[in-house]
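The chain contents come next:
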Amino acid sequence: MSFAAKRLPITTLTLVFILVAPIVAVAQATLRGKVVEHSTGQPIGYVTISLFRSGDTTQRASAGALSLPDGSFVIRSVREGLYRLRVRMIGYAVVERDSIAVPSSGTVTLGTISLRQEAIEQRAVEVRAERELQESRPDRRIYRVGKDLTVAGGTAADALQNVPGVTVDQDRSIQLRGSSNVVVLLDGKPTALTGGDRSGGTGLDNIPADAIEAIEIVTTPDARYDAEGGAGIVNIILKRQRQQPLTAFGTVTVGTRDKYSGFASIGVQTSALRGEGSYGWTRQTFDFDRYSLLVPHVETAGPDYPGRVTGSRPVRSETHTPRLNLDADLFDGAGRMTVTVGGTFQQQRTVSDASYVYLLRQQNGTDPVLSGRTEYRTMYRGDTTTGIEASVGYRHRFDDQWSLSTDARTLQTRTVAGAFGTMLVLSDGIAATNRMGSSQMIQQHSLQADATYRFPNRGQFDVGAKITWRHLDADQRTVADSTDPLAAVLTVAVSGAVAERIAAAYVQTMLPIGVLQLSAGLRAEATDFRSSIGSVDFRQSYWNLFPSLNAMYSPDPLLRLSLRYSRRISRPSNEALSPLVQQDDPYNLRTGTPALQPELVDALELGATAVLPWATIAPTFYWRSHQNV
């Protein structure tokens, strides 16, 4: 009895601690609220909500959350005290609420928080945590370039270099996760400036980084997008001034090694009309060193052949890009019409200075040896590209559920090139010249119509159709002196044309089911392709189905799991389809073939996003399969 009596106080104290400790641990409050758009009342998902202790000068958030697709958010385990709430979303003014009293337990209802759209160029500059530079949504990642000070004064190519998964090589070509099958859009639309006419190149250095609001990376686009681009879509969003009646923006950049750029824009807004005009100018020089080994065709090569090439290839380009955009509200806000006109004028000069060391083939099959002959070739090439694009779009909202939008777009670019080359062989005393002239005109026209229905449960159904016409006309004239060993190859005059028509239709639906959000779609595209060179014609037709699926599970505002799948197509570029031989390098001729088949790509992603007090962790696993590479 005495032994039990001595242990009783300890057992009782332990029992009390076990019962009281969880109560003390959960004696913290919960904050709830909802974020909506001010003018429409529509909920805004994936908004960053940060909670700070009032009077804390470290600017470190005590807690935070992301709003769900229905706009609601929850911040749990908040200790008692006085707090300040900050709500941030790209393209909207920051909203703050101060002196929020949080009790030791219970729920604090913050009500509805309205966000107003505003200019991205803020009057105040605030440097904060790095995670605010990135935003993750179910179908894309958004990088806020306007807040990245490391690319200030650079171009879009410099801004893309800082985006994870994106690389830009020395030829200014984009790769996304190691693949160059990327579609580059400007404000969600194809343009001649970014190679939207499938010309094979992008004008990234013609877009100043200071003019970019954000860059969207869409690796598994849904059915609403064109199916082109096996690796995905890079969407460059330019800054927009939306609130002030008159806004202006300008920047001038001076860099080493002959690199200059300038950009200026002005915006005017009234109650029903917004107009924006911009002008960009760049002049840049890039130097490329060359070293390559040439392997000749066995049947046509003689005993000696140019086997080793060394030299340099400086490229100097100057580009002018004016743009004008008009946006008008019609029918008292129920309808909106957008008119865009843009132009491009680019001049590029290239000097290729190379030496060709001839090798002598051995009869016994051993490695070739030097023949003692060296050929020096210099090529001066000038390219002038002019482009114009225009679009007219109209969107009408019938009620809170139905809306209809139409878009008509046209692009046209013309490139005229001329080249003059010299050849010199010191050992043989041979000197010769060759000349080349070529032109290429690309036209692209499209018509699109889309209808959207919004369900009462915040779901959405989209249906649409689009038809696109592309046309390429090219010709080339090349002549060489008879003393040039390649005179027979370089003397040619040929022209060709490529025509393509793509008809597409799609359905897309998004359904929120509690903490699970599903989005599925199906796109069908039929392609008819024709090409002709001289008297030879070629035609092919094909059609494909492109399913897409996005599923996101958010058991907590700070945790999100996602699964994404889509099928895409990568049609050959215009240069790859054109059967004309490119004579830029007489010993390394390039030609396209109209018989090329499109590449089909299936992509699957598994991802997770966890928002921690000190960082955001977002691991991603992706699998990609190619057909007809």
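Each remark here, short or long, concerns the structure printed above.
Rules used in this analysis
- Residues numbered from 1 in each chain as written.
- Predicted model: local features only at pLDDT ≥ 70, side-chain atom pairs only at ≥ 80, totals over all residues.
- Heavy atoms only, no water.
- Helix = DSSP H or I, 4+ residues; strand = E, 2+ residues; numbered from the N terminus.
- Buried < 20%, exposed > 50% of the residue type's maximum accessible area, 1.4 Å probe, protein only.
- Contact = heavy atoms within 4.5 Å.
- Areas by Shrake-Rupley, 256 points an atom, 1.4 Å probe, with all protein chains shown as cover.
- Pairing = 2+ DSSP bridges.
- Axes fitted to C-alpha atoms, helices over the stretch in contact; angles between N-to-C directions.
- Salt bridge = Lys/Arg side-chain N within 4 Å of Asp/Glu carboxyl O.
- Phe/Tyr/Trp six-rings, centres within 6.5 Å; stacked < 30°, edge-to-face > 60°.
- Lys NZ or Arg CZ within 6 Å of the ring centre and 35° of its normal.
- Core = buried A, V, L, I, M, F, W, Y, C linked by side-chain atoms within 4.5 Å.

## A few points about the overall build of the chain
In terms of helices and strands, the chain carries 4 helices and 34 strands. For the chain, with 629 residues in total, the buried portion stands at 45%. Considering only residue pairs separated by 6 or more positions, the chain has 65% of its internal contacts joining residues 24 or more positions apart. Total accessible area computed for the chain in this model is approximately 31,500 Å², and 58% of it derives from carbon and sulfur atoms.

## What to know about the sheet that holds strand S1 (residues 29–37)
With mixed pairing, 3 strands are arranged side by side in an open sheet as S4-S1-S7. The open sheet has two edge strands, strand S4 (72–78) and strand S7 (106–115), and neither has a second partner. Direction aside, neighbouring strands of the sheet carry axes that sit 20° apart on average. Pairing of S1 with S4, which is carried by 5 bridges, proceeds in the antiparallel orientation.

## Re the pattern of salt bridges
According to the stated counting rule, one finds 26 salt bridges in the structure shown. Arg-224 is the partner of Asp-222 in a salt bridge, and the nearest nitrogen-oxygen pair spans 2.7 Å. The class for Arg-224 is partly exposed, based on a relative accessible area of 33%. A salt bridge links Glu-605 to Arg-564, with the nearest nitrogen and oxygen atoms 3.4 Å apart. Of this pair, Glu-605 sits in strand S32 (residues 599–611) while Arg-564 sits in strand S29 (residues 559–570), placing them 41 residues apart in sequence. According to the relative accessible area criterion, Arg-564 is buried, its value standing at 9%. A network of salt bridges, in which partner residues are shared, links Asp-226, Glu-228, Lys-466, Arg-470, Glu-500, Arg-523, Glu-525 and Arg-571.

## Points about the environment of Arg-590
Inspection of the secondary structure puts Arg-590 in strand S31 (residues 590–591). The class of Arg-590 is partly exposed, set by a relative accessible area of 37%.

## What about the packing of aromatic side chains?
What the rule picks out here adds up to 2 aromatic pairs. Plain terms: the ring middles of Trp-402 and Tyr-453 are 5.0 Å apart, the flat faces sit at 50° to each other, and that makes the pair tilted. Here the residue Trp-402 occupies a position in strand S23 (residues 402–425), and Tyr-453 occupies one in strand S24 (residues 430–454), the gap between them amounting to 51 residues. Residue classification places Trp-402 among the partly exposed positions, given a relative accessible area of 39%. A ring pair is formed by Tyr-453 and Phe-455, whose centres lie 5.1 Å apart and whose planes are at 80°; its orientation type is edge-to-face. Here the aromatic residues Trp-402, Tyr-453 and Phe-455 are joined through ring pairs into a cluster of three or more. The ring of Phe-286 has Lys-259 lying over it, and the distance from NZ or CZ to the ring centre is 4.9 Å. Over the ring of Tyr-358 we find Arg-373, and its NZ or CZ is 4.3 Å from the ring centre.

## Considering the pairing of strand S18 (residues 289–293)
Among the 5 residues that make up S18, 0 are buried, leaving the element largely open to the surroundings. Where S18 meets strand S19 (residues 304–312), 5 bridges bridge the pair, whose relative direction is antiparallel. Bridged to Tyr-291 within S19 is Thr-310.

## Considering the nonpolar core
Core analysis: the biggest nonpolar cluster contains 24 residues, and Leu-160, Leu-204, Ile-212, Ile-215, Ile-217 and Ile-236 have the highest contact counts within it. Counting only elements with at least two residues in this core, the list comes to helix H2 (156–161), strand S10 (166–168), strand S11 (174–176), strand S12 (182–186), strand S13 (212–218) and strand S14 (232–238). If sequence neighbours within four positions are ignored, Ile-217 has contacts with Arg-140, Arg-141, Tyr-143, Val-163, Val-166, Leu-176, Ile-233 and Val-234. Among the nonpolar cores identified, the runner-up in size contains 22 residues, and Val-35, Leu-51, Val-87 and Ile-113 belong to it.

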